[in-house]
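A look at the structure
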Amino acid sequence: MYPFADTGDDETELTNYIHIRIQQRNGRKTLTTVQGLPAEYDLKKILKAIKKEFACNGNIVKDDELGEVIQLQGDQRLKVMEFMVQTLGLKKKNIKIHGF
Amino acid sequence: MSAEELGFDPSLKKKKKSKDSSSSTPAPIEGDANDDDLFAGLKKKKKKSKDKKDDADPLAANEEEDLTESFEGLKLKKKKKKKSTNIINNDDDDFEKQLQEAGIEEISSNETSNKLDLIPYSQLLDRFYNILREKNPELAGGQQQRLKIPPPEVLRDGNKKTVFANVQQIAQVLQRNPSHLIQYLFAELGTSGSIDGEQRLVIKGRFQAKNIEGVLRRYIQEYVICRTCKSMNTELKREAANRLHFIVCKACGSTKSVTSIRTGFTANVGAMKKKK
């Protein structure tokens, strides 16, 4: 309520957002990409757990600029976020969901 | 949106308070007491007004009623309260008339100024804000007349393309450069597209109106709404020196930097993948 109060989003943690995106494929098929996971996590293990839990296929793609990105089949955005918050203990405010 | 709740304008804040205390959620006991006071005063007044009415011709009375009717529309908040008092008191009609009379005639005559003494502060304050809102919505916070964004017109162009017909219009309403908005849309939807001859945006892929609307909403959250006062009356400026974008609020004058649009990772899909 105070005009000069902190607006809540300080720009200090700008770089380590986790971006969850969706991409359209042919027809009504989609891809979900998870970008920017902290390096201390083992992506392979995460992928395996996710694949099992969400019953979808997926793989890890190496990008020149963005590092390793998890790619999953289908629209798993909300599920992935839930998984990250509950299983990996990441903070919700550090996760950004993109797409429609 | 939570914009209203976090309204920062001091006048607005006051308004909220006054509304709370007077109309929406008055403490029942207090309100009753207030009303009693009012009516006690009214009974005296009633006599007076009746006398007056006897003297005056029916035309005048009619006029008065017209005025009350027209006034009622303006004082929605007030009316609500009156309705609640309705149950308690029967001579509410007269009371309303009296009040309206007092409200309309301003402070010009001595008689009304006498009457004004009998009206509780909260109602006066309410009346003040009603008039202020009516004549000077800017000062009253202007929250009532909110920026209206036309809903996105989304059409299907063939099987694989979507036409977003009124991007230009929406960008204009938001006071943003259309290309900035389009850039954001492409980044969020993870596709590409082009602008056709009629200034419509053609997006590759199938999208529904609600999808686009969701993205637009996020765009507004991120790049339009002022973080300090939640106003949508802002401008996006690019500082040449450090290549950062800033939201400059036209209502409260604050500036805030915003992140530039980044496409992020996009996987190669379908035909693109095969080529590689």
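Quick look at the structure, then.

What counts and how
- Residues numbered from 1 in each chain as written.
- Chains lettered and ligands numbered in written order.
- Predicted model: local features only at pLDDT ≥ 70, side-chain atom pairs only at ≥ 80, totals over all residues.
- Heavy atoms only, no water.
- Pairing = 2+ DSSP bridges.
- Helix = DSSP H or I, 4+ residues; strand = E, 2+ residues; numbered from the N terminus.
- Axes fitted to C-alpha atoms, helices over the stretch in contact; angles between N-to-C directions.
- Contact = heavy atoms within 4.5 Å.
- Buried < 20%, exposed > 50% of the residue type's maximum accessible area, 1.4 Å probe, protein only.

Residues and elements named next belong to chain B. Strand order in the open sheet formed by three strands is E5-E6-E7, and the pairing between neighbours is antiparallel. On the outer flanks of this sheet lie strand E5 (234–239) and strand E7 (255–258), each paired with one strand and no other. The sheet shows a mean angle of 30° between the axes of neighbouring strands, taken without regard to direction. Sitting on the sheet, helix H10 (residues 209–224) touches E5, strand E6 (244–249) and E7, and the angle it makes with E6 is about 90°.

Residues and elements named next belong to chain B. Judged from the four bridges that link them, strand E2 (residues 161–164) and strand E4 (residues 201–204) form a sheet pairing that is antiparallel. Opposite Phe-164, over in E4, you have Leu-201 as the bridge partner. As defined by bridge partners, strand E3 (residues 193–195) adjoins E4 across three bridges and the pair is classed as antiparallel. Within the sheet, the bridge partner assigned to Gly-193 lies in E4 and is Ile-203. The hairpin turn running from E3 into E4, its antiparallel successor, is five residues long, and Gln-199 in that turn takes a positive phi close to 65°.

Residue and element names in this part refer to chain B. A sheet is described by the order of its strands in space; here four strands give the open sequence E1-E2-E4-E3, paired in antiparallel fashion. Both outer strands of the open sheet, strand E1 (154–157) and E3, are each paired with one neighbouring strand and no more. With strand direction ignored, the average angle separating the axes of adjacent strands in the sheet is 25°. Strand contacts of helix H9 (residues 178–189): E2, E3 and E4, with the helix running at about 15° to E4, the strand carrying the most contacts.

Attention now goes to unusual backbone geometry. In this structure, Ala-55 of chain A is a non-glycine residue whose phi angle is positive, near 55°. Structurally, the position occupied by Ala-55 of chain A is in the loop between helix H1 (43–54) and strand E3 (58–63). Given a relative accessible area of 68%, Ala-55 of chain A falls into the exposed group. Its identity is not glycine, yet Gln-175 of chain B carries a phi of approximately 60°, on the positive side. With respect to the secondary-structure elements, Gln-175 of chain B resides in the loop between helix H8 (167–173) and H9.

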